[in-house]
Amino acid sequence: MRTLWRIIAGLFRWGWRVLNFIREFILNLFLIVLILAGVGIWLQVSGSGSSEPVQQGALKVDLTGVLVDKPSVSNRLSRIGRQLLGTSSDRLQENSLFDVVDAIRQAKSDKNITGIVLDLRDFAGGDQPSLQYVGKALREFRDSGKPVYAIGDSYSQAQYYLASYANKVYLSPQGTVDLHGFATNGLYYKTLLDKLKVNSHVFRVGTYKSAVEPFLRDDMSPEARDADSRWIGQLWQNYLNTVSANRQITPEQLFPGAAGIISGLQAVQGDTAKYALNNKLVDALESRASADQELIKTFGWDKQNNDYRNVSIYDYTVKQPTQQDGNIAVVMASGAIMDGEETAGNVGGDTTAAQIRDARLDPKIKAIILRVNSPGGSVTASEAIREELAAAHAAGKPVVVSMGGMAASGGYWISTPADYIVANPSTLTGSIGIFGVINTVENSLSTIGVHTDGVATSPLADVATTKALPTEVQQLMQLTIENGYRNFVGLVAASRHKTPEQINEIAQGHVWTGSDAKANGLVDALGDFDDAVSKAAELAKITTPQLSWYQDDPGMLDLLLNQMSASASAIMPEALKVWLPAPMLDVMSAMKKQPGLFDNLNDPQNRYAFCLNCGQVK
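Calculation rules
- Residues numbered from 1 in each chain as written.
- Predicted model: local features only at pLDDT ≥ 70, side-chain atom pairs only at ≥ 80, totals over all residues.
- Heavy atoms only, no water.
- Buried < 20%, exposed > 50% of the residue type's maximum accessible area, 1.4 Å probe, protein only.
- Helix = DSSP H or I, 4+ residues; strand = E, 2+ residues; numbered from the N terminus.
- Arc of directions from axis to C-beta.
- Contact = heavy atoms within 4.5 Å.
- Expected span 1.5 Å × (residues − 1).
- pLDDT = per-residue confidence, 0-100.

### Concerning helix H10 (residues 257–267)
Okay, so step 1: Among all positions of H10, only Gly257, Ile261 and Gly264 are buried. An end-on view of H10 places all buried positions within 80 degrees of arc, on one side of the element. Seen from the open side of H10, the exposed residues pointing more than 90 degrees away from its buried face are Ala258, Ala259 and Gln266.
Okay, so step 2: The secondary structure elements touched by the buried residues of H10 are helix H11 (272–278).
Okay, so step 3: Glutamine 269 occupies a position one or two residues after H10 and carries a positive phi of about 55 degrees.

Spelled out as structure tokens, the structure:
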């Protein structure tokens, strides 16, 4: 009996210690959140004033991570994270495209900023329209008479795109300008699903609706290959035209093709830096220390920091207009479109519809700009957003859509009520088509002796992932998908003043660049966000446009949880590498990067307007 009581007492003590640990952990976490929230409030209040950069110094555009329309964590909270949580080296950090452009444009007229230094070693890139918009701001800065310098040990394609806007481009004598072109690569699962005995029931309309091909094939279909080759070729040509114009060389000199590059490298015995200099890709080969000396001569010496005088773009405070004075609402639809509330990196149908409704009912708002950078997603969520935008249009408030890198499938669906659509020439749009996917695992379970059986009042009720999909349900799904496609085509035809037959010819899931979309009548003009603002002001007869950004900024708790999650994810893969073979790790990494297959499928009717390949350019 004593032994039994010892065991019980030991379990009780152990349980009590666990409870104490959990209690203390929660209290400490809560205390940390309160402290960080207090610091955040203080910085928000104190940061409302003007910035104080070094006198007569450079704005260092030392971007870390990627450019996006709408970051998961606001720039102000990211600044707190860099100061308190040490997140400055995260190459997956998201930077607001519009904040970066605003900083460059303010610096143009700031007497304390005498130039820009592009230090892009940690810049991971962004879609081509975003890079072009930043490049436009850099060009405006140059035209004001202030110089722009780019320094780098090496340049990726995205880094070099921005560097090409500089007056002078420095490259390390051991560096390279890595120009190789664009490619798309996706994973295909048919054989895997066959081996696992998973039945994928796919329903689609559209010859070019390739989002479902990973479930049906082990390779790309000829139709998808033909369509993707067209738009990816146009994106690459747009890249070459822009960069070669910036460098005042021909596109052929910038990229003479694989054979031309090999021949050029052979002539300089494989010296990539000398090749770049000989072909005028860069202006000088200098070590970082040598380039710094040039920058010190230009901007002066900062004794306190032992560096040329500069202020990081992350420390440069941009004066923001008072939101109460806004007369044009900007609503962001950035990411895959999902049902319900917004989550980090995705568009919440309910959240976005509510923001549009708030703008519609606000008497101070005279026009609405919907900024779309989305490959699409749930048909139900897309329709909820479209309906609210149509209500704003019906209420007499002009609606202008500004398309970013992607506005495809559901991204185009939500754009149809617009009075005017502005797309970048490199925007990927169209992809007018619908599909549905239902996976069942009855055969997988049967191989291990597990079976499902029961009764139902109707075949339509007898639906489960563990049972074969009834024929009646399959017929119903296909009818629903076909009806959704007809609705999609009808919405586009009505908004673009064409017949459904005309739209069907350019629909079928076909992806178009902004240039092709303009030629096909799917968009009204080629331009950028500035052009959308000008058009909204014109339609609403506004002489002084003031933007009011309708978005839910994540709070301090989101920043803390994101950092904790990032720390955990940084540790776990290293532990798993001990047990998993390298090829499996490569597959897992590729699956994680492939959008839209898992996390974004939550439509209640299993209907999706989604462009899978649009997010895979690299």
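### Some words on helix H12 (residues 288–299)
Okay, so step 1: The terminal C-alpha atoms of H12 lie 16 Å apart, and with 12 residues this matches the ideal 16 Å at 1.5 Å per residue to within 8%.
Okay, so step 2: Considered for burial, the residues of H12 that qualify are Ala291, Leu295, Ile296 and Phe299. Relative to the axis of H12, the buried residues are bounded by an arc of 150 degrees and lie together on one face. In H12, the exposed positions angled more than 90 degrees off the buried face are occupied by Ala289 and Lys297.
Okay, so step 3: For H12, the elements touching its buried residues are strand E1 (57–61), strand E4 (113–119), strand E6 (148–152), strand E7 (168–171), strand E10 (301–302) and strand E11 (307–308).
Okay, so step 4: Just downstream of H12 lies glycine 300, where phi reads positive at about 95 degrees.

### Here we look at unusual backbone geometry
Most peptide bonds take the trans form, and the phi angle of most residues other than glycine is negative.
Okay, so step 1: We note that histidine 497 has phi near 60 degrees; this positive angle belongs to a residue other than glycine.
Okay, so step 2: Inspection of the secondary structure puts histidine 497 in the loop between helix H17 (471–496) and helix H18 (500–506).
Okay, so step 3: Residue histidine 497 is classed as exposed on the basis of its relative accessible area of 74%.
Okay, so step 4: Look at lysine 541: it is not a glycine, yet its phi comes out positive at around 60 degrees.
Okay, so step 5: Structurally, lysine 541 is set in the loop between helix H20 (529–540) and strand E24 (547–550).

### Observations concerning the confidence of the model for the chain
Okay, so step 1: Of the residues in the chain, 78% reach a pLDDT of 70 or more, and the chain-wide mean stands at 84.
Okay, so step 2: Within the model, the stretch residues 83–89 combines pLDDT values under 50 with 17 contacts to residues more than four positions away or in other chains.
Okay, so step 3: Note that pLDDT drops below 50 for residues 563–598; the model gives that stretch 26 contacts with residues more than four away or on any other chain.

### Re the side chain of arginine 496
Okay, so step 1: By secondary structure assignment, the location of arginine 496 is in helix H17.
Okay, so step 2: Classification of arginine 496 by relative accessible area gives buried; the value is 12%.
Okay, so step 3: With near-sequence residues (within four places) excluded, arginine 496 lies in contact with Tyr412, Ile421, Gly521, Leu522, Val523 and Asp524.

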